Each structure stands twice: as C-alpha cells, then as structure tokens.
Amino acid sequence: MSAGTFTPRPGAAPVSRMILAQTALETRMLLRNGEQLLLTVVIPALLLVLFSSVDIIETGAGESVDFLAPGILALAVMSTAFTGQAIATGFDRRYGVLKRLGASPLPRWALMAAKTLSVLVTEVLQIALLTVIALALGWSPQGNPLSVAVLVLLGTAAFSGLGLLMAGTLRAEATLAAANLVFLLLLVGGGVIVPLDKFPAGVRSALELLPISALSDGLRAVLQQGASLPWGDAAVLAAWAALGLGAAARLFRWE
C-alpha cells in the first residue's frame, strides 16, 4: 500500500454533477410538499375530471375532454413553472437559502439550471398522470408530439422567467399572495376551461396575448385539431420567455 493512498483530494465536484444533485434535491422537496402537490397535481386533475364529467361549460362540438385536456396540461405547466417555483424560490430567498447556496461551490447560474430541470421533471410526471386520466375519460389526442414538446418547453421558459422575476423582486409573503392570485385569474381568463370566444372581442384580443392563452390554444390546435406547430402561439410564448428571463436575470435579488 503506497503512502498516498488515503491522501485527501479537496475540491468541488464537476458542475454537471452538482447540477444533477441539486435537481434531485429540488424535485424531492417539491414532491414532499403537500401544498405544492395540491397545486400542481390535485387541482388540475380534479378540474379535468369535474368539467369533463359534468356539462357545466359549453366547449363546442365534440367531447368536452378533447377541449379541456390541452388546457389542463397548460395549467399544469403554469402551476409548476410559475406558481410553485415563484413561491418556493421566494421563501428560499427569505430564509437565506439562496444566499447560502450562492456562497457554495455551486454557481448561481447552475442553481437556476437545477431549479429549471426540477420543474421539467415535475412537468413530465404531471403530463403523464393527466394524460392517463384524460385517456380514461375518452380523450382522443391528435397531432405531432414534437410540436407539443416545443410548446411545453416554450411555456416552461416563459412561466419560469415570470416566476423567478416575481420571487426575486417581491417579499415572500407578497409572492405567495400574488402568485396564487395570478393562478386563479389565468385559470378563469386564460382559455383553460372557458373558451376565449365567450369573452367580448376587445377583451379576447388582450387575453390571447397572455402566455397561458398562447400555450392552451397552441396545445389545443395540435392535440384537438391535429395542426402542425402553431407559430403565432409559439411566438407569443417565446416573447414572454425572453422578457421574463431577461428581466429576472437583471433584477433578481439573492438577499
């Protein structure tokens, strides 16, 4: 046995390994949080089952679930990438977690990357669960899965940027209230459950520019109508992503 066999080798792990470890931690923390699970899994699933089973809202020709399922998928993306991430990051910032992690070997950009990957992992689980429920309710999805993936990624980027912007500029309590309020308002006025053509023309024109409307309409165009990638909706989501992520990068406060 050589003399240097047990010589310590101090130093940080590779950044990729640190990102994966932080992603796993963020995902476990999310899945252990009952309030977050209620927001990201239970509420979308209940809305899908309720409005697909009970004829409360006129959704046009065809089965209600064919209209509702794409909107509920968009809601799931928003609940995780925006609402859940804003609240969790806001309280991490309040309790000094971000400040301490920022002083660790994990770079700040890597921490944000880990949070984003955790969001994507959660969304995969959400979409899988909601798809199974929708199929059991008689959903017949159409379209190209690649177009769906592009819209989901653009929507995730848009909502993540807005969520991080809110969490990095407002107090944690204000973030909690504002994120939940925005969630409720966009649930009603974002084309998730109530078709946008039910609103007056002037109001509808403004609502169509919201990220949740672009995501739900884009997913509906692909999954219900079998269309190719809806470039207009994709452009709206890309614009929100650039705006939100750019503003978050400049204005985010770590303390």
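It should be emphasised that the depicted structure is a prediction, and the values quoted were computed from it without experimental measurement.

Reading the values: the criteria
- Residues numbered from 1 in each chain as written.
- Predicted model: local features only at pLDDT ≥ 70, side-chain atom pairs only at ≥ 80, totals over all residues.
- Heavy atoms only, no water.
- Helix = DSSP H or I, 4+ residues; strand = E, 2+ residues; numbered from the N terminus.
- Rg over C-alpha atoms; globule rule 2.2 N^0.38 Å.
- Buried < 20%, exposed > 50% of the residue type's maximum accessible area, 1.4 Å probe, protein only.
- Contact = heavy atoms within 4.5 Å.
- Expected span 1.5 Å × (residues − 1).
- Polar contact = N/O pair within 3.5 Å; in protein donor to acceptor, adjacent residues only side chain to side chain.
- Lys, Arg positive; Asp, Glu negative; His and termini not counted.
- Salt bridge = Lys/Arg side-chain N within 4 Å of Asp/Glu carboxyl O.
- Core = buried A, V, L, I, M, F, W, Y, C linked by side-chain atoms within 4.5 Å.
- Axes fitted to C-alpha atoms, helices over the stretch in contact; angles between N-to-C directions.
- Parallel < 35°, antiparallel > 145°, perpendicular 65-115°, else oblique.
- Left-handed = near helix turned anticlockwise from the far one by under 90°.
- Nonpolar A, V, L, I, M, F, W, Y, C, P; charged D, E, K, R; others polar.

(A) Just the overall build of the protein, in detail. Check the secondary structure of the protein and you find 10 helices and zero strands. Reading the protein from its N terminus to its C terminus gives the helix and strand order α-α-α-α-α-α-α-α-α-α. A globule of 255 residues ought to have a C-alpha radius of gyration of about 18 Å, and the protein, at 20 Å, matches this closely. Once the C-alpha set of the protein is aligned to its principal axes, its extents read approximately 80 × 40 × 35 Å. Split into buried and exposed, the 255 residues of the protein put 45% on the buried side. Restricting the contact set of the protein to residue pairs at least 6 apart, pairs at least 24 apart contribute 81%.

(B) Summary view of helix 6 (residues 145–169). With 25 residues, helix 6 extends 36 Å from end C-alpha to end C-alpha; this agrees with the ideal 36 Å at 1.5 Å per step. For helix 6, the N-terminal cap is N144; the gap from its side-chain oxygen to the backbone nitrogen of L146 is 2.9 Å.

(C) Structural view of the side chain of E123. Note on placement: E123 falls in helix 5 (residues 108–136). Look at E123: it is buried, it has no salt bridge, and the nearest opposite charge is K115 at 14 Å. Among residues more than four places away in sequence, those in contact with E123 are V77, T80, A81, V152 and T156.

(D) How the structure looks around the environment of L219. If you trace the backbone, L219 turns up in helix 9 (residues 211–223). Considered as a pair, L219 and V152 are 67 residues apart in the sequence and their alpha carbons are 8.4 Å apart. The contact partners of L219, leaving out residues within four places of it in the chain, are P70, L73, A74, V148, L151, V152 and Q224.

(E) Inspection of the environment of A21 at higher detail. Here A21 is to be found in helix 1 (residues 15–31). Separated by 93 residues in sequence, A21 and A114 have C-alpha atoms that sit 8.3 Å apart.

(F) The arrangement of the nonpolar core in detail. Counting 46 residues, the largest nonpolar core has L48, L75, M78, L151, F159, L215 and L219 as its most contacted members. Contributing elements (two or more residues each) for this core: helix 2 (34–53), helix 3 (64–94), helix 5, helix 6, helix 7 (172–189), helix 9 and helix 10 (231–251). Top element by residues in this core is helix 3. It accounts for 15 residues. Discounting chain neighbours no more than four positions away, the residues touching L48 are V65, L68, A69, I72, L130, I133, A134 and L137.

(G) Examining the pattern of salt bridges more closely. Per the counting criterion, the structure on display carries five salt bridges. Between D92 and K115 there is a salt bridge, with the nearest N and O atoms lying 3.3 Å from each other. You can see D92 sitting in helix 3 and its partner K115 sitting in helix 5, a full 23 residues away along the chain. Overall, D92 belongs to the buried group, its relative accessible area being 15%. Salt-bridge contacts for R171 lead to E173; the nearest nitrogen and oxygen are separated by 3.3 Å. Because the salt bridges share partners, they merge into one network encompassing E26, D92 and K115.

(H) Region of the structure containing the side chain of Q22. Checked against the element boundaries, Q22 lands in helix 1. The contacts of Q22, once residues within four sequence positions are left out, are L101, L106, L111 and A114.

(I) View of the environment of A149. As for its placement among the helices and strands, A149 is situated in helix 6. Spatially, the C-alpha atom of A149 lies 30 Å from that of A177, the residues being 28 residues apart in sequence.

(J) Geometry of the packing of helix 6 against helix 10. For the pair helix 6 and helix 10, interaxial distance at closest approach is 7 Å and the crossing angle is 30 degrees. With respect to helix 10, the element helix 6 is oriented roughly parallel. Crossing angle aside, the handedness with which helix 6 passes helix 10 is left-handed. Contacts from L151, L154, G155, A157, A158, G161, L162, L164, L165, G168 and T169 in helix 6 reach A234, L237, A238, W240, A241, G244, L245, A247, A248 and L251 in helix 10. Grouping the constituent residues of the contact of helix 6 with helix 10 by class yields 16 nonpolar, five polar and no charged.

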